[in-house]
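Below, each chain spelled out in residue letters.
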Amino acid sequence: MNINLKHKIFLLFLFYLPLLAFTQKNVTVSGYVIDAATSEQLPGATMFFAKQRVGVSCNQYGFYSITVNSGKTTAICRFVGYESKQLLFQLNRDTIINIKLATNNNIDEVEIKAPSSEEFLLSPTMGMQRLSAKQVEQIPMMLGEPDLLKAIQMLPGVSFSAESSTGFSVRGGSPDQTLIQLDGVPVYNASHLWGFMSVFNNDAISETKLYKGNLPARFGGRLSSVLDIRMKEGNMQKISGAFSISPIATRFILEGPILRNKVSFMVSARKTWADVILLTAQRLYDTEQVVTYGFWDINAKANWKINQNNRLFLSFYTGRDAFWAEELVGIQAYNYSKFTYNWQNLTTVLRWNHVFSPTLFANFSAYNSRFKQEYLNKYDEKGEKEYKGYNNLTDWTVKGDFDWFPLTNMRTKFGFNFSNQTFSPEIISFKSPEESFVLNSDIFTQNLISELYFESDINITQKIKGNFGLRGGMMSTQGKNYWSFRPRVSLRYSISNFMSGKISYSRMTQFLHQLKNTTLGIPTELWVSSTDNIKPGTSDLFSAGVFWKPTTKYHFSVETYYSLLHNVIRYKLGSLGIKEQGESWENYVVQGEGKSYGIEFMAEKKNGKLTGWVSYTLAKSIRQFSEINFGNPFPYSFERRHQFKINSNYAIIEKVKKGKNIHHSISTSFVFASGAFITIAEQEYSGISFPIMDEATTSNWFENRSLINTVNNYQMPAFHRLNLSYIIERNYKSKTVLWNFSIYNAYNRHNPWYYYKKGDKLKQITMFPIIPSVSFTYKW
Amino acid sequence: MGCVEDVNLNLGKQNKAIVLNSILTPDKDTVVVWLSLSRPVVSNINFEPVKNATIEFFEDNTNIGKFTWEDSSRYVLPFTVSPNKKYRIEATVDGKTIWGETTLPKAIDKECEISIHGIHRREFQLHLQLQKTEPNYYWLSATGYSGTEDNPVHGIANSISSDFEYADAFNRTPTEYYSYKFDYMYYLRFTNQFINKKNVDIYFAFETIRRPVEVVLLSTDYHLDKYMKSSMKMSEIESDAGEEGMFLGFNPFPVYTNINGGTGIFGSFTSASKEFQKIEDSNEH
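Caption draft 1: Structural view of the overall build of chain A. Within chain A one finds 5 helices and 49 strands. In summary, chain A has a C-alpha radius of gyration of 28 Å against a globular reference of 28 Å for 780 residues, a match within 12%. Overall, chain A is about 100 × 75 × 50 Å in size when its C-alpha atoms are taken along their principal axes. By the burial criterion, 61% of the 780 residues in chain A qualify as buried. Nonlocal contacts in chain A, meaning residues at least 24 apart in sequence, comprise 65% of its contacts between residues at least 6 apart. Where the 84 positive side-chain charges of chain A centre and where its 62 negative ones centre are 12 Å apart.

Printed below as a string of structure tokens:
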């Protein structure tokens, strides 16, 4: 530890000491805010004490704590989408108050003029956006299947790759530089169906937050952003569920109490139709070759409220994609061949919430997250001869997160995590009765990560509030230790009651990398670790913004950012064509720099008959590697200079008929974006025949070769697409029937997927022309 | 679900690249170089030959001489290269010099033995006694005749079948031929990465080609190996580009080149071969 750091820690201690001295003079009010109907906790709900003019928001487990002057006081508890509740207290000592909020069915939500510590205006956090499962459901998607990762792509600052792909980039970062976590557990592959659908079943999700500006110190491990997804906890009051069917998949969810108000469960599952349709079609035609593809996923959660101070959660997620092709040609058994390609996620987490005191809340987690992809060639039915390749990543982590509320105007989070990550990239094995071998078993890598963090929200003056944090620790791999210290600072200045300005800085470190051959987000891409040769990536993220909330209905924001990426890795140019099997990936990668900057404008209407947002992003993102493009900077694959997005939902009909609530709405999503950069051969050249081909009939086989000197040398035409959906929802008692009629790519825009040469013509592939669909959901 | 249509993207406006192609082998008494220019990717024009170039040839840093233009894009220099020597070529076109280097691999004819083996008498055996310590790149194939008796055409085997477990999978498909499980397009490629300093037997067969057949084992230098592998991989990707399965992962990549300042290949190889005039096989068709 150097002198400077010691000095800083000492100053911080001096800063806290007088504040701690005051903690004994007041009373602390603490408790949980929960949903009245389901008893699920409401993270982000706010408590505002009018007399003291102070407020606090609930942590991610719905717990709040605030220290106020004793005496008679009133408080308002509120949360988006819920009826606000006003409470009257006589506070003489530390008090526990659990609050139940009821959902607000009134479209024109009651406007509350009292200030609150909500995230948009008053929190120092910036660049954070929430998406509820309901919002995701309303965004029109292909084949009527709600998709979180495609909904995320409708937000400003989030760029997409190919059409309808789940691969996304946040503010110029690579897809692997976004930490995607489900109930606090990293999910290493987020796509089904070769990248066209996300692995997250919207039925099982309660809320999602995307952090793209400053990243608080409690988050680590990625360079550019965090996508924090929370699963539903399970209804504590009654059994409820939903069943949905769309042209691509069917899904259901069931949740309810095991012991009312004590123990609950939630289980949801989804399965595609694709395998059933493909197999049936092939059986009808009695083909010798059977090719099929399928996916499924399961989310489950159990939640045990032991007492006011202790709560246990057990969450589980797994999802699998499987492609296989089987062939039996002729009568000879040795002509049997089977190829399978599978990938699977599995996450399990046990969490324990414990309230040590009214001002100290803790969450301890132990989790395991695995990602495995495997391809297998079998050459006889008995499996005596097979060729197998696989990539595995396993992550075991124990962590603790503490929320400490020592003073009215101060809130502190601190914690630790210890991780053991193992990577087994590109293992190849061959097995036959005569011989067996394994290649690459020696490039197995193990990482040990130990980290601590600390962050604190402090009201510096009436107008200025700050969040100051530090995350640090060590990663050990292959006998080498990488230390890192990552400061995080964000400041908010209240310009008025309706407007604030924010600035932030975050330094991030990333110990693992994803090597990609495409930009689709498909799981053929390889997770690898930093090694003694490959340094961890680091980034410096700067952002600033102005936030204006003239009424509760409207939010306006302008944010600008500047990001520097260091030690990012990618394959060398042409690696795919020359890489030796059995050689380590390390020989084929380069490390370099990245830079991105931009400005984002967003206007959002939060409630009323018409809801949604309009956004515009102007951005630039480049990469620079010494061995690529002659060392010159080049545009990053996800760069789209201009992006204009509209997402809206308009309630057309709201009526009650024969006791049924009938709701008709139309949803629209429109995207205009500059064309993506791709690598394409603009010229070709004369080749030379290979040895012993000289005089052969195949001498002209390699006559022409495509000339590619640089990557991302061509910008495709602008991308634009309009999706529409018409939603009919009928509620009767506690039952809901929902029909969703949607049109993907309503005006049949032929957006290019890629180009290729055929003869003397250049061809364009368009993946998705206009696609109408209908889906059905029944909830009870 | 997708659709395909013709487009005109107006590609290929950048400067043309100088293309130098030459492959050295000690079996020839003349070194041949082809020099031309690149052209737009969608084009009906022929490759433009470069006729006014000065091309110099070096062996272990000694200037051997200058090439003379013969016809079209072809330049020649009477010279026989030798194994284990380093060669450099420099071509100057309108004041711009491009160059490449290669080291001819050691002769391999003493290290391998090729014979017929197997109950069907159509299976060949390559026995290698590997002694080399440096990385080596091997390409195994065969040539023969196709066409009619009156009009035979000499050609390379379209595929090599083998179960050789250390063969590179890059051009491999499940077999449709005999009892082998793998087919390799044109060549079976392997390196001595995992089999160095061992005695190795490789059993293989190839698509029927009329007698006589010649089984050939090439030992290439690093550059020619990478050029051949990346060319075949790129060709496969481009020929599959319009196929449905390619929609997802189409991602073109460059063919390897070691020509500094231009493109193309300056590589080398040595070889060992054995010709079989007649193969005893009562079961043959």
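Back to the write-up after that little detour.
Caption draft 2: Representation of the overall build of chain B. Summing up its helical and strand segments, chain B has 1 helix and 21 strands in all. When the 285 residues of chain B are sorted by exposure, 53% land in the buried category. A separation threshold of at least 6 residues defines the contact pool for chain B, and within that pool the share at least 24 residues apart is 66%. For chain B, the computed accessible surface area is about 13,000 Å², with 45% contributed by carbon and sulfur atoms.

Caption draft 3: Structural view of the sheet that holds strand 42 (residues 683-686) of chain A. Strands sit in the order 43(A)-42(A)-4(B) across an open sheet of 3 strands; the sheet is antiparallel. Both outer strands of the open sheet, strand 43 (704-707) of chain A together with strand 4 (39-40) of chain B, are each paired with one neighbouring strand and no more. Of the strand pairs in this sheet, strand 42 of chain A and strand 4 of chain B are connected by 2 bridges, and their pairing is antiparallel. The residue bridging Gln683 of chain A from the neighbouring strand is Pro40 of chain B, located in strand 4 of chain B.

Caption draft 4: Region of interest: the confidence of the model for chain A. Residues and elements named next belong to chain A. With 91% of its residues at a pLDDT of 70 or more, chain A has an overall mean of 86. Model confidence for chain A, summarised as mean pLDDT per element, is weakest for helix 1 (residues 3-21) at 48 and strongest for strand 37 (residues 610-624) at 96. Contacts from residues 13-24, a stretch scored under 50 in pLDDT, to residues over four places away or in other chains number 13 contacts. The low-confidence segment residues 107-117 (pLDDT under 50) makes 30 contacts with residues lying over four places distant or belonging to another chain.

Caption draft 5: A look at the interface of chain A and chain B. Chain A puts 72 residues into the contact, and the matching count from chain B is 90 residues. Counting across the interface, chain A meets chain B through 2 salt bridges. Between Asp6 of chain B and Lys763 of chain A there is a salt bridge, with the nearest N and O atoms lying 2.8 Å from each other. Here chain A and chain B share 15 residue pairs in polar contact (both at pLDDT 80 or more) between them. Sorting the residues of the side of chain A that touches chain B by element identifies strand 27 (436-439), helix 5 (575-578), strand 42, strand 43, strand 47 (754-758) and strand 48 (761-766) of chain A as the ones contributing at least two each. Of the residues that constitute the side of chain A that touches chain B, the class distribution is 36 nonpolar, 20 polar and 16 charged.

Caption draft 6: The packing of aromatic side chains, seen in detail. All names here are of chain A. A complete count under the given rule lists 51 aromatic pairs over all chains for this structure. Between the aromatic rings of Phe196 and Trp753, the centroid separation amounts to 5.7 Å while the plane-to-plane angle is 40 degrees, which identifies the pairing as tilted. With Phe196 in the loop between strand 14 (191-192) and strand 15 (197-198) and Trp753 in the loop between strand 46 (735-744) and strand 47, this pair connects stretches of sequence that are 557 residues apart. You'll find Phe196 and Trp753 in the same group, each marked buried. Aromatic side chains Tyr744 and Phe768 sit 6.1 Å apart centroid to centroid with 80 degrees between the ring planes, which places their arrangement in the edge-to-face category. In this pair, Tyr744 is assigned in strand 46 and Phe768 in the loop between strand 48 and strand 49 (771-779), connecting sequence segments 24 residues apart. A network of ring pairs unites the aromatic residues Tyr32, Tyr61, Phe63, Phe313, Phe361 and Phe405 as a single cluster.

Caption draft 7: Fine view of a nonpolar patch on the surface. On the surface, Ile239, Phe243, Phe252 and Trp780 of chain A cluster together into a nonpolar patch covering about 350 Å² of accessible area. Relative to the assigned elements, Ile239 of chain A resides in the loop between strand 17 (225-231) and strand 18 (240-245).

Caption draft 8: Up close: the environment of Pro83 of chain B. Residue and element names in this part refer to chain B. Note that Pro83 resides in the loop between strand 8 (74-78) and strand 9 (86-93). A C-alpha to C-alpha distance of 15 Å links Pro83 and Tyr138, two positions 55 residues apart in sequence. Those residues in contact with Pro83 that lie beyond four places of it in its chain are Pro26, Leu104, Pro105, Lys106, Ala107 and Thr270.

Caption draft 9: Main features of helix 1 (residues 222-239) of chain B. Taking 1.5 Å of rise per residue, 18 residues should cover 26 Å, and helix 1 of chain B covers 26 Å from first to last C-alpha, within 8% of that figure. Across the 18 residues of helix 1 of chain B, 13 count as buried, placing the element largely inside the fold.

Caption draft 10: A look at the pairing of strand 1 (residues 27-35) of chain A. Residue and element names in this part refer to chain A. The buried count for strand 1 comes to 9 of 9 residues, which makes it a mostly enclosed element. Where strand 1 and strand 4 (residues 63-68) come together, 6 bridges link them in antiparallel fashion. Looking at the pairing, Tyr32 lines up with Phe63 of strand 4. Bridging between strand 1 and strand 7 (residues 95-96) involves 2 bridges; their strand directions are parallel. Among the inter-strand pairings, Ser30 is bridged to a residue of strand 7, identified as Ile96. Pairing geometry for strand 1 and strand 8 (residues 99-101), over 3 bridges, is parallel. Within strand 8, the residue paired with Ile34 across the bridge is Lys100.

Caption draft 11: Fine view of the pattern of salt bridges. Taken as a whole and judged by the stated rule, the model has 39 salt bridges over all chains. Here Arg270 of chain A makes a salt bridge to Asp297 of chain A, at a shortest N to O gap of 2.9 Å. Residue Arg270 of chain A is located in strand 20 (residues 263-272), and its partner Asp297 of chain A is located in strand 21 (residues 289-307); the two are separated by 27 residues in the primary sequence. Both residues of the pair, Arg270 of chain A and Asp297 of chain A, count as buried. The residue Arg189 of chain B makes a salt bridge to Asp225 of chain B at a minimum N-O spacing of 2.7 Å. Of this pair, Arg189 of chain B sits in strand 18 (residues 188-191) while Asp225 of chain B sits in helix 1, placing them 36 residues apart in sequence. Residue classification places Asp225 of chain B among the buried positions, given a relative accessible area of 0%. If you follow the salt bridges from partner to partner, you end up with Glu145, Asp203, Arg251, Arg270 and Asp297 of chain A in one network.

Caption draft 12: Quick peek at the pairing of strand 9 of chain B. Residue and element names in this part refer to chain B. The sheet contact formed by strand 5 (residues 54-59) and strand 9 spans 6 bridges and is antiparallel. Looking across to strand 9, one finds that Glu59 is bridged to Tyr87. Summarising the sheet, strand 9 and strand 10 (residues 96-103) pair through 8 bridges and their orientation is antiparallel. Following the sheet pairing, Arg88 is matched in strand 10 by Glu101.

Criteria and thresholds
Residues numbered from 1 in each chain as written. Chains lettered and ligands numbered in written order. Predicted model: local features only at pLDDT ≥ 70, side-chain atom pairs only at ≥ 80, totals over all residues. Heavy atoms only, no water. Helix = DSSP H or I, 4+ residues; strand = E, 2+ residues; numbered from the N terminus. Rg over C-alpha atoms; globule rule 2.2 N^0.38 Å. Buried < 20%, exposed > 50% of the residue type's maximum accessible area, 1.4 Å probe, protein only. Contact = heavy atoms within 4.5 Å. Lys, Arg positive; Asp, Glu negative; His and termini not counted. Charge placed at Lys NZ, Arg CZ, Asp CG, Glu CD. Areas by Shrake-Rupley, 256 points an atom, 1.4 Å probe, with all protein chains shown as cover. Pairing = 2+ DSSP bridges. pLDDT = per-residue confidence, 0-100. Salt bridge = Lys/Arg side-chain N within 4 Å of Asp/Glu carboxyl O. Polar contact = N/O pair within 3.5 Å; in protein donor to acceptor, adjacent residues only side chain to side chain. Nonpolar A, V, L, I, M, F, W, Y, C, P; charged D, E, K, R; others polar. Phe/Tyr/Trp six-rings, centres within 6.5 Å; stacked < 30°, edge-to-face > 60°. Patch = residues over 30% accessible without salt bridge, like charges linked within 9 Å, V, L, I, M, F, W, Y side chains within 5 Å. Expected span 1.5 Å × (residues − 1).

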